[in-house]
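# Structural overview for review
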Amino acid sequence: MGTKEFGSNACLYSFPSLPQTIFLLYLSPSGGGNQTKNLSFSPFSLANPYTRNPIFKPRTTSLTLSRRRRIANLISGPLSWKMDRLDGPARLMIVSDLDHTMVDHHDPENTSLLRFNALWESLYRHDSLLVFSTGRSPTLYKQLRSEKPMLTPDITITSVGTEITYGDSMVPDEGWVNVLNQKWDRNVVLEETAKLPQLKFQSETEQRPHKVSFYVEKGHAQDVISSLSDRFEKRGLDVKIIYSGGIDLDILPQGAGKGQALAYLLKKFKEGGKPPINTLVCGDSGNDAELFSIPDVYGVMVSNAQEELLQWHAEHAKENTKIIHASNRCAAGIIEAIGHFGLGPNTSPRDSSDILVSKLDNFNPSHEVVKFYITYERWRRAEAEKSDLLIQSLKHICHLTGIAVHPSGVEHSLHECIDTFGPHYGDKQGKQFRVWLDRVFTSQIGSTSWLVKFDKWELTDDGRHCSLTTILLNSEPGNPGAFSLLHVHQTWLEGFAARCQNDWIF
Ligand code: GLC
Ligand code: MG
C-alpha cells in the first residue's frame, strides 16, 4: 500500500492490488479527543465511474454538510444529478439552444465553443447550471455531442421542449411527461397532417411522443400553418405549431415548447427554494422565441440569428432591455451577453496569452487546471512561445515528489512527465488537436488541499479520447497564484482510450 500526506488533514492511499482505486483519508481539524472517530474513508473508484458501492462507507460525521455534499458530488455527483447538486441557488443558469447558437456549424475549429467551455468549467461549473435546449431528438443530440467538443449540461431539454432529462445519464423528468400527456392526441395530428401534401415527414428519429415534425418550404409555410390550425381546432385539439430555420415545422402539445419547459424548470427550482439568481437564454431561430418571453430572464439572440426570430423580437419584445441581439456569432455571442448584462466574469482562460499567470483574487483550482491544459494544447500546437521558462514554470507547479498515474496504469514522477512533454513542442502543428475539460468538480479537503476531478478530452486526427482525471493539489495560503500538483490519476473512459498511448502525456 502506498500512502501520501497532503495538507494538514488528508492522506492518500493507493493499493497495488486495486490499481485503479485510490482512497482518501480525512482527519477533521476540529476533531476533539478521539481522532479515530473523525476518520472518513472515501474510495475513488476510478476504473469504473459507475461503481456505486463504496468498499468502505464514508464516515463524514465531523465534516460540514456543504463540504460533505461537495465531496459526495465529487465521488458520484456527475453521475447522479439531482436538483440539489448546488448548495444554494445557481449563480447563473444558462439555457442555450445548440445548432447555430452554442455550436457554430460554420467554424470547423470550434473556436468560440472551446472559449465558452473553458470559461464555464473554470469559473461557473461549481455554482451555476448549464441547460441545453434543442429541437433535436435525444438520438440526434447524442450524435451532435459525438461530433463537437460539447460540455455535459446539467439538464438537457430535447425535442423542442418536450423532453427534460437530468445529468449525463439523462434521467427523464416523469412529471413533465405527465403534464404533456394532458390534452394531446398524437393520432389526430397524424390524421390531419396526412391531408396536406406540402408536409414532408422528417426522419423517424425526430418523431417523438410529444412532437411530430415535418419539412415545409418557406413559400408554403404560412398557408400550411393556418390550414392546420383550422383543422386542429375543428377536431378540438389545442396544439402548438412552430416554424424554424425556414424549413422545419413542429407540432407539439400546447403546453410544450422550449419556453414552457423552462418555465416548468424555474417553477421547480423555486419550489425547492433555489431559483437561479440570474437566467440567460440563448437562441437563433423560431423555436427559441418562446425562451425570450419567460419573465425576468436575460436573453441573447446571437448575431447570426434567423430572420424569423428577429422578426418575432421586433413584433413582441422590442422594448425589453433584457434582450440583446449580439454582435458576435454563436457561443461568442453568449460570452458577449454575460459581459453585457454583468452576469459574471466573461474572460475565457483561452482569451489570454500569458496564461500561467494567475489574475484571480482567490485561489481557484478549476481555473488553474483549465489553464494548465490550455497551455498543454498550445505547446503541442506550437501556439505558445517555445521557451524553457514555460517548462520551468510547469515544473514549478509540480511537487518534487508528485506522481502521475497514466491512464495505461504506468506511473511516473510529475517532473519526468514534464521532461517528456517538453520535446513534444509543435508535434500537433497543422494537425487536428484540441483539448478541453468537462465536468470539473472541485472540493477543498483540507485547509490548503484540494481535489479536482474532471473528464479530460483530446480531439486528434486519430479520433477523440478521454480520461477521467483526479488531481490533488496544495495551495499556498495568502498567495492565490501559488499551488503545487501532488498527484494526477487518470483512467480511460470506456470506449475512449487512445490507440497510441504515448501520444497521451497527461
Ligand atoms: C431540430 C430537430 C427537428 C426540428 C428542428 C426545429 O433540427 O431535429 O426535428 O424540427 O430542430 O425545431
Ligand atoms: Mg438553433
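The structure reproduced in this document is the subject of the present report. Please read all numbers here as calculations on a predicted model, not as lab measurements. (Residues numbered from 1 in each chain as written. Chains lettered and ligands numbered in written order. Predicted model: local features only at pLDDT ≥ 70, side-chain atom pairs only at ≥ 80, totals over all residues. Heavy atoms only, no water.)

### Quick word on unusual backbone geometry
- In this structure, Asn110 takes a positive phi of about 55 degrees despite not being glycine.
- Mapping Asn110 onto the fold places it in the loop between β5 (92–96) and α2 (111–124).
- Judged by its relative accessible area of 7%, Asn110 is buried.
- Of note, the phi angle at Ala382 is positive, near 60 degrees, even though the residue is not glycine. (Helix = DSSP H or I, 4+ residues; strand = E, 2+ residues; numbered from the N terminus. Buried < 20%, exposed > 50% of the residue type's maximum accessible area, 1.4 Å probe, protein only.)

### Concerning the nonpolar core
- Grouped together as the largest cluster of nonpolar side chains are 38 residues, with contacts concentrated most on Ile94, Met102, Phe116 and Leu280.
- No other element matches α2, which puts seven residues into this core.
- Contact partners of Leu280, with chain neighbours within four places excluded, come to Leu92, Met93, Ile94, Val95, Tyr298, Gly299, Val300, Ile334, Ala337, Ile338, Phe341 and Leu343. (Core = buried A, V, L, I, M, F, W, Y, C linked by side-chain atoms within 4.5 Å. Contact = heavy atoms within 4.5 Å.)

### A closer look at the sheet that holds strand β19 (residues 433–444)
- The mixed open sheet is built from six strands, whose spatial order is β18-β17-β22-β21-β20-β19. Each of the sheet's edge strands pairs with one partner strand only, and the pair in question is β18 (411–413) and β19. The sheet shows a mean angle of 25 degrees between the axes of neighbouring strands, taken without regard to direction.
- Bridge count for β19 against strand β20 (residues 449–460) is ten bridges, and the pairing is antiparallel. Counterpart to Ser443 in the pairing with β20 is Leu451.
- Together, β17 (398–405), β18 and β22 (479–492) form the strand contacts of helix α12 (residues 414–421), whose direction differs from that of β17 by roughly 75 degrees. (Pairing = 2+ DSSP bridges. Axes fitted to C-alpha atoms, helices over the stretch in contact; angles between N-to-C directions.)

### Describing the environment of Asp503
- Structurally, the position occupied by Asp503 is in the segment after β22.
- In the structure, Asp503 is positioned 79 residues away from His424 in sequence and 9.3 Å away in space, judged by C-alpha atoms.

### A short note on the side chain of Arg380
- Within the secondary structure, Arg380 is located in helix α10 (residues 365–380).
- Side chain to side chain, Arg380 and Tyr376 meet in a polar contact 2.9 Å long. (Polar contact = N/O pair within 3.5 Å; in protein donor to acceptor, adjacent residues only side chain to side chain.)

### Notes on the coordination of the magnesium ion (ligand 2)
- Every protein donor of the magnesium ion (ligand 2) is accounted for by Asp97 (OD), Asp99 (O) and Asp284 (OD), and the metal-donor separations fall at 2.1 to 2.2 Å.
- On the primary sequence, the residues serving as donors to the magnesium ion (ligand 2) are separated as D-x1-D-x184-D. Of the two residues, Asp99 is situated in the loop between β5 and α2 and Asp284 in the loop between β14 (278–283) and β15 (298–301); the sequence distance between them amounts to 185 residues.
- Classification of Asp284 by relative accessible area gives buried; the value is 3%. (Donors = N, O, S within 2.8 Å, 3.2 Å for Na, K, Ca; no water.)

### Observations concerning helix α3 (residues 138–147)
- Among the residues making up α3, those that are buried are Pro138, Tyr141, Leu144 and Arg145. Mapping the buried residues of α3 onto a view down its axis gives an arc of 120 degrees, with all of them on the same face.
- In the core, the buried residues of α3 are packed alongside β6 (129–133), β7 (155–158), β8 (163–166), β19 and β21 (463–476). (Arc of directions from axis to C-beta.)

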